[in-house]
Amino acid sequence: MKQFTDLYWRLDGTTSTNEKVAALRDYFAAAPHDDAAVALGVLSGGRHGRAVSLTLLRQWAADAAGLPAWLLEESYAHVGDLAETIALVLPPPAEEAGDSESSLAACMQSTVQALRQAADDDAKRAIVEAVWRRLAARERIVWHKLLTGGCRVGVSKTLVARALAEVAGLEPAVMAHRLMGRPIETAAQFATLLCPDETEADSQRPYPFFLASPLDADAPSLGDVAEWQAEWKWDGMRAQLVRRGDEAALWSRGEELMNEAFPEIVTAAAAFPAGTVLDGELLAVRDRRLLPFASLSRRASRRRVTKQVLAEIPCVFVAYDLLEAEGEDLRSEPLAHRRALLERMVPHPFDKAIDTGASVSGPPADGHDSGQRFFLSPCITADSWDTLAAARATSRQRGVEGLMLKRKASPYAVGRTRGDWWKWKIEPLEIDAVLLYAQAGHGRRAGLHTDYTLGVWQGDRLVPVAKAYSGLSDAEIVEVDRIVRATTLEKHGPVRVVQPTLVFQLSFEGVSRSTRHKSGVAVRFPRIARWRRDKEPQDAGHLADIERMIEMASSAGATA
Amino acid sequence: MPDLLELTPAGLYCPRGDFYIDPWRRVGRAIITHAHADHARAGSDRYLCAAPGKLVLRTRIGSSAPIDTLPYGESLSINGVEVSLHPAGHVLGSAQVRVSHGGQTWVVTGDYKLEADPTCAAFEPVRCDVFVTESTFGLPVYRWPDPASVAAEINAWWRANRDAGRSSVIFAYALGKAQRVAALLDPSIGPIVAHGAVMKMVEHYRASGVRLPPIDRVPPRARRVGDGRAMVLAPPSAAGSRWLRVFGETSEAMASGWMMLRGVRRRRGFDRGFVVSDHADFPGLMQAIAATGARRVLATHGFADSLARLLRERGLDAAALATKFTGETVGDSGDDDDDESTSVDEGAA
Ligand SMILES: [Zn+2]
Ligand SMILES: [Zn+2]
């Protein structure tokens, strides 16, 4: 436990990537394998349920610290992190740490697992209080994170893979590949992970995804347009199809297996020869029209998909890269070469399969689902950046988010390696909206009100339309926080209802009608572009403005 | 019997003695608990402070207004009201003001802490009927670590930076905090240098007999200072400024009680945060309040409402007092009221 606590605080105390990797490497090289396996699960955000309810934990902590419940709540509102609040209010440890706190694996077993299996609340309380008496505040915080299943320390899988690769003496990409898909839970599994030889050649593990970076410069600064491949940036879900042996696996970017959510894709994948891996985008398409992103997320969130949902929201896989063919890893080949092979493997261009335009409504028309599941993401041919800019300008009416620019000579790298893949998105949609509710943030912005619910006018009322988080500078957040505190009308737990005084420019990337929202509209990816200090609440936008955006999006599409 | 002290638009006032304690407007006679900007404002006709605090107060108020001093523990009669000053343990010359008349005794703490601090006289509990206490860190999450362990942490960090050829920069308020941090340093690790604002106060501390390790001023127009081995003491307002360039590669830390919280450490974006505060932590507040024997407690600064509510639940007559003392605030960006760079003219507003 001490080793892991030291790792936690070492990671927490630095923003440098190299230092994080060094901390992880030192830990994994020194920790016993059973501890390392547990730590790996914890660091990769392995989700396991809470071992004890937060309500009980708060009550017991207040009792142990001799404080009224309201003061613990006020402290929590100030700190913004419950695990930390409880750890800090408790009196300093009265006993020495024992065996059950010595190793991470033992601690998980004798406290966290024991809590899950405890007969009743009294038994749980006895376990918790015993640990509290033996751990110092810095260890308690980490222990609470383990208990509540949320131990995020800002290390990506890529960093963990880099550190483990150093420990094992392997290429980072090999380690990243090994880490995907399969949980590492035991000492033996961890040992296999570090094994210098590839052991499971026929696995369905995906390759680490290569991620594009937002293009913040002018496109012409990328040089000769002929060196670049341009594609539409589809508004779907990134996915990797792995077809090896007798099976196929569909992986999300979050490395979740999606075979159950998209059975029709997996079935159709059987047509590819074994040893094929495609990178692409899942999209929902019906009657030759793209369905809104919300439909696709409905599909993705299902464990089992009914026949009815399959018919209502048919999905396709639009392929844009070929990572493996005939069992051969092609990632180090130039994109142009991979693309040529891909076009042979997946010959049907997606733009021929859809009509750009309005989103669909009404029941599915029979027979329009061709049954074709795999399409090729078409390239946009252009002899100048101006031509591409003109194509990009048609993005909204096509229902895409802009363009992807990929260097033709580039290999398929790991993670977000800048320079070869760029997303050149269109400007977001915007409206001025009024702050209605504010909620205290957690983590980095602990204690400050950073989560804002914003509203626009409907007649003489303000209706909430979006919950937005980022976009303001640290100094502005502090200032908004002061105003929020000074203009609070009501408090509901961590949420404050404020007097409408602040106006923000809200940007979003899509908007559609919604029956699930009171306002009747749903905005996608809302964020605060800036604080409109020059505006009063009465200057804010109206719901009708948003409705007009929805109509414009549909009619622009229909005429395109 | 009317209250001996009352809150007026100019600050805490004693009608019987016709004087103010830490007024935020220009008044006739001001008794000053300590020279931080939220307590000591320029423009009053006449000042009274504890004897060791005279030099720093003079720097703060600038003017030539007369400053009377009183040794700790000695009393003085002002219009028949007995006034004495007692160590508050906050910064050099900081005092609790004891005011007594007609069988009623009040103590106004200003800012205070209970931890040992070699750079100022230790806090001394004073019995009273009404205790006006600060509550900057009046939430139970604030419990200071032992100063020796913080010193060990700071010196280990300095040593590691030195070995990597990096200068160590600690941002700390020019008056009080910087000197306290200096006293925690192990000068055998490397040279200690300070920003001019810190240096001025260091000189006052030395002139008042406080022993500090050798500290050099950063010479103006220097090209390169410290050779990657130095410890640099700078006010928070110097963070991110060009002034830091002469130190080459640096690792930067903030010394403050707020560094107790992970979220604050991350938000402030420094490489390290050291928990060093010149205010009382929550157990310290509780201990100080109990030691006065006061039945009535008035809380100022920070978490006054919470502290007052807790004390009421525990059977005391307690309330929050709406003063303009700001103390250290969690959200500020470095230009604190406790920092020297802040304007002292606010009192006129
Ligand atoms: Zn102060
Ligand atoms: Zn103060």
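Right above here is the structure, for reference.
Residues numbered from 1 in each chain as written. Chains lettered and ligands numbered in written order. Predicted model: local features only at pLDDT ≥ 70, side-chain atom pairs only at ≥ 80, totals over all residues. Heavy atoms only, no water.

### Looking at the interface of chain B and chain A
Counting residues at the interface gives 22 residues for chain B and 30 residues for chain A. Between chain B and chain A, the buried area comes to about 2400 Å², and carbon and sulfur atoms account for 53% of it. The three residues of chain B that bury the most area against chain A are R262(B), R266(B) and R267(B), which together make up 30% of that side's buried surface. Among the ionic pairs, D12(A) bridges to R262(B), the shortest N-O distance being 2.6 Å. Inspection of the region where chain B meets chain A yields nine residue pairs in polar contact (both at pLDDT 80 or more). (Contact = heavy atoms within 4.5 Å. Buried area = accessible area lost by both parts, 1.4 Å probe. Salt bridge = Lys/Arg side-chain N within 4 Å of Asp/Glu carboxyl O. Polar contact = N/O pair within 3.5 Å; in protein donor to acceptor, adjacent residues only side chain to side chain.)

### Some points on the coordination of the zinc ion (ligand 2)
All names here are of chain B. Coordination of the zinc ion (ligand 2) by the protein involves D38 (OD), H39 (NE2), D111 (OD), D111 (OD) and H301 (NE2), with metal-donor separations of 2.0 to 2.8 Å. Site description for the zinc ion (ligand 2): donor spacing in sequence, D-H-x71-D-x189-H. The metal-metal distance between the zinc ion (ligand 2) and the zinc ion (ligand 1) is 3.7 Å, with D111 coordinating both. Highlighted residues: D38 in the loop between β4 (29-31) and β5 (46-50) and D111 in the loop between β10 (104-108) and β11 (130-134), separated in sequence by 73 residues. With respect to burial, D38 and D111 carry one shared label: buried. (Donors = N, O, S within 2.8 Å, 3.2 Å for Na, K, Ca; no water. Helix = DSSP H or I, 4+ residues; strand = E, 2+ residues; numbered from the N terminus. Buried < 20%, exposed > 50% of the residue type's maximum accessible area, 1.4 Å probe, protein only.)

### With respect to the nonpolar core
Counting residues in each nonpolar core, the largest one holds 61 residues, and the members touching the most others are L24(A), F28(A), W143(A), L164(A), M175(A) and F190(A). Sequence-distant contacts of L164(A), that is, excluding residues within four places in its chain, are made with F28(A), L40(A), M175(A), L179(A), F190(A), L193(A) and L194(A). (Core = buried A, V, L, I, M, F, W, Y, C linked by side-chain atoms within 4.5 Å.)

### Considering helix α4 (residues 54-65) of chain A
All names here are of chain A. Its 12 residues place the ends of α4 16 Å apart at the C-alpha level, agreeing with the 16 Å of an ideal helix rising 1.5 Å per residue. Within the sequence span of α4, burial applies to L56, L57, W60, A61 and A62. Downstream of α4 by a residue or two, G66 has a phi angle that is positive, lying close to 65 degrees. (Expected span 1.5 Å × (residues − 1).)

### What to know about the pattern of salt bridges
All names here are of chain A. Taken as a whole, this structure holds 43 salt bridges over all chains when the rule is applied. A salt bridge links D279 to R238, with the nearest nitrogen and oxygen atoms 2.7 Å apart. Here R238 lies in strand β3 (residues 237-244) and D279 lies in strand β5 (residues 276-286), a separation of 41 residues in the sequence. No difference in accessibility class separates D279 from R238, as the two residues are buried.

### Concerning the coordination of the zinc ion (ligand 1)
Residue and element names in this part refer to chain B. Taken together, the protein donors to the zinc ion (ligand 1) comprise H34 (NE2), H36 (ND1), H90 (NE2) and D111 (OD), at separations of 2.2 Å. Viewed at the metal, the four donor atoms of the zinc ion (ligand 1) are separated by angles of 88 to 169 degrees, and the geometry they form is irregular. The sequence motif formed by the donor residues of the zinc ion (ligand 1) is H-x1-H-x53-H-x20-D. (Tetrahedral: all angles 85-135°; square planar, octahedral: opposite > 155°, others 65-115°.)

### Thoughts on the sheet that holds strand β17 (residues 272-274) of chain B
All names here are of chain B. Strand order in the open sheet made by the six strands is β14-β13-β15-β12-β16-β17, with parallel pairing throughout. Strand pairing shows two members of the sheet lacking a second neighbour, β14 (216-217) and β17, which therefore form its edges. Bridging between strand β12 (residues 167-171) and strand β16 (residues 250-255) involves five bridges; their strand directions are parallel. Pairing of F171 across the sheet is with M254, part of β16. Sitting on the sheet, helix α3 (residues 177-184) touches β12, β15 (231-234) and β16, and the angle it makes with β15 is about 160 degrees. (Pairing = 2+ DSSP bridges. Axes fitted to C-alpha atoms, helices over the stretch in contact; angles between N-to-C directions.)

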